[in-house]
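# Observations on the three-dimensional arrangement
Next come the chains, spelled out residue by residue.
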Amino acid sequence: MGNMLEIFATSLHFDYEVKRPPDGLWGAVTENGNWSGMIGMLERQEVEFALGPFTITPQRETVCNFVLPVHNDNKAILTVRPGLTNDLSGFLKPFAFEVWLMLLLSSVMIGAAMIFVVLNEAEIFEHSKRNAVPRSTQWVFSTFAQESSHWIPEKNAGRIVMATWLIASFIFMSSYSGILTAMLTLPRVTIPIDSLEDLVAQSKIPWRLEKGSMATQYLMESKDPVRQEVVARSSGFFYDCWKSREDIATGKFAGICDETTMKKAMSWDFSSTGKCHLYMTREKVLSGAMMGIAFRINSTYFDGANDVVHRVKQGGLVAKWLNDQITNTTECLKPPSSDRREGIRALSINVFGGPLIFVGGGMIMEVEFAISTFSYTVERAKAVSYSFPYLFENCLLITPRPKLEADITGLVKPYSLEESPDLMKLAACVIL
């Protein structure tokens, strides 16, 4: 807008002094009904005009006059550019939650059906049903994990259930393996914020609104509950998108800004660092907003300024000025999924963090189970040892045989186990 100011001064023949608003704002209605920022200065007749450019709204036109729109602009969300991240639950991402729930329910139902069929077959055909339940359960999960199993039902009904689950689990696990392989080979960048709905749905990045801009009023007056929620849940305000570009690039917060300023910030970022740290959402918060220069009401320079703006636009100077300020944005305007990577890299341990945690949890549970089993065995052995004195008092004379292959009942004289009146006591004596 500096070029426009110089053309105004030359064409309309005036000298000027630049004044900044004390509050540093564009201009919005305050609680007491007055206007803040540069629009407030025009309302109080403190300045002749304000360059801006401002978004032309009916409310602002009540306290100032706008010349012909300089250009049209959009408003969108400016946030830190997303990149590749390691997700601990990435090994679960090939299937949605509903699919995993369906697989769990299918496993339970197939297991119950197999147990029911095998037990009933054993009753009908009068064959052994020993270990039918653990074998059926183990078979269901072994098949699901694509592991071989030597157990097979003896009759056709159980084999039909087996064939059904074999085909289903093969399809499920083949799909899972293929999708997981593709995700590891060609990782995809997840864009957490690409619309207002995404903004309010996430909680990782807070967002702020530009203070004194028309965006807050536009969102509040909208009947869309999502837009109203954006205002209600914002973490505060920031004064200017350009001045806040570094905070936004480091992920401190996201902001709703005009597209021209966002592209200018991207150009500065790429020119300074050679990388893109800012991302402009694809969904626009406001499209086609008319941007204009504001004059105080009844300004003597208003008509001449309108003619100047018309000639400048006809000559294409506005577009040239904007293009001169917005350079090096080609790479940053591409979607994050197209960012270049340094060749094929080996998978790091972070990629397998989720499975390793899962394995570690299983090992901890296994150790705890082993410790509890050992403790139970020790306690049981102690309980048996407490009864040994009583058993010795009632034991018969024991004379060990020198040969290991001798019958164990021959160790006891003069009675055998069958002749003993107390088999449990005699068995304990033999064990001792």
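Below or above, wherever it landed, is the structure these notes cover.

Scoring rules and cut-offs
Residues numbered from 1 in each chain as written. Predicted model: local features only at pLDDT ≥ 70, side-chain atom pairs only at ≥ 80, totals over all residues. Heavy atoms only, no water. Patch = residues over 30% accessible without salt bridge, like charges linked within 9 Å, V, L, I, M, F, W, Y side chains within 5 Å. Areas by Shrake-Rupley, 256 points an atom, 1.4 Å probe, with all protein chains shown as cover. Salt bridge = Lys/Arg side-chain N within 4 Å of Asp/Glu carboxyl O. Helix = DSSP H or I, 4+ residues; strand = E, 2+ residues; numbered from the N terminus. Pairing = 2+ DSSP bridges. Core = buried A, V, L, I, M, F, W, Y, C linked by side-chain atoms within 4.5 Å. Buried < 20%, exposed > 50% of the residue type's maximum accessible area, 1.4 Å probe, protein only. Contact = heavy atoms within 4.5 Å. Phe/Tyr/Trp six-rings, centres within 6.5 Å; stacked < 30°, edge-to-face > 60°. Lys NZ or Arg CZ within 6 Å of the ring centre and 35° of its normal.

### Some points on a nonpolar patch on the surface
A cluster of nonpolar residues, Phe97, Leu101, Leu104, Leu105, Val108 and Met109, forms a patch on the protein surface that exposes about 650 Å² of accessible area. Note on placement: Val108 falls in helix α3 (residues 97-125).

### Some points on the pairing of strand β4 (residues 207-210)
Here β4 pairs with strand β6 (residues 254-258) via two bridges, running parallel. From the neighbouring strand, Trp207 faces β6, where its bridge partner is Ala254. Pairing between β4 and strand β5 (residues 237-238): two bridges, direction parallel. Bridge pairing in β5 places Leu209 opposite Phe237.

### Notes on the nonpolar core
Among the nonpolar cores identified, the biggest contains 19 residues, and Met4, Phe8, Phe49, Val67, Ile293 and Phe295 are the most heavily contacted of them. For this core, the secondary-structure elements that each account for two or more residues are α1 (2-12), β1 (49-55), β8 (286-295), α11 (302-314) and α12 (317-325). In this structure, Val67 is in contact with Ile56, Ile293, Phe295, Phe302, Ala305, Asn306 and Val309, ignoring residues within four places of it in sequence. Judged by nonpolar contacts, the second largest core, of 16 residues, contains Met114, Trp151, Trp165 and Tyr176.

### A word on the packing of aromatic side chains
Taken as a whole, this structure holds twelve aromatic pairs when the rule is applied. On the basis of an interplanar angle of 65 degrees and a centroid distance of 6.2 Å, the ring pair of Phe8 and Phe295 is categorised as edge-to-face. With Phe8 in helix α1 and Phe295 in strand β8, the pair connects residues that are 287 residues apart, well separated along the chain. Every member of this aromatic cluster is reached through a ring pair, and the members are Phe8, Phe14, Phe49, Phe295, Tyr301 and Phe302. Taking NZ or CZ as reference, Arg245 lies 3.8 Å from the ring centre of Trp242, over its face.

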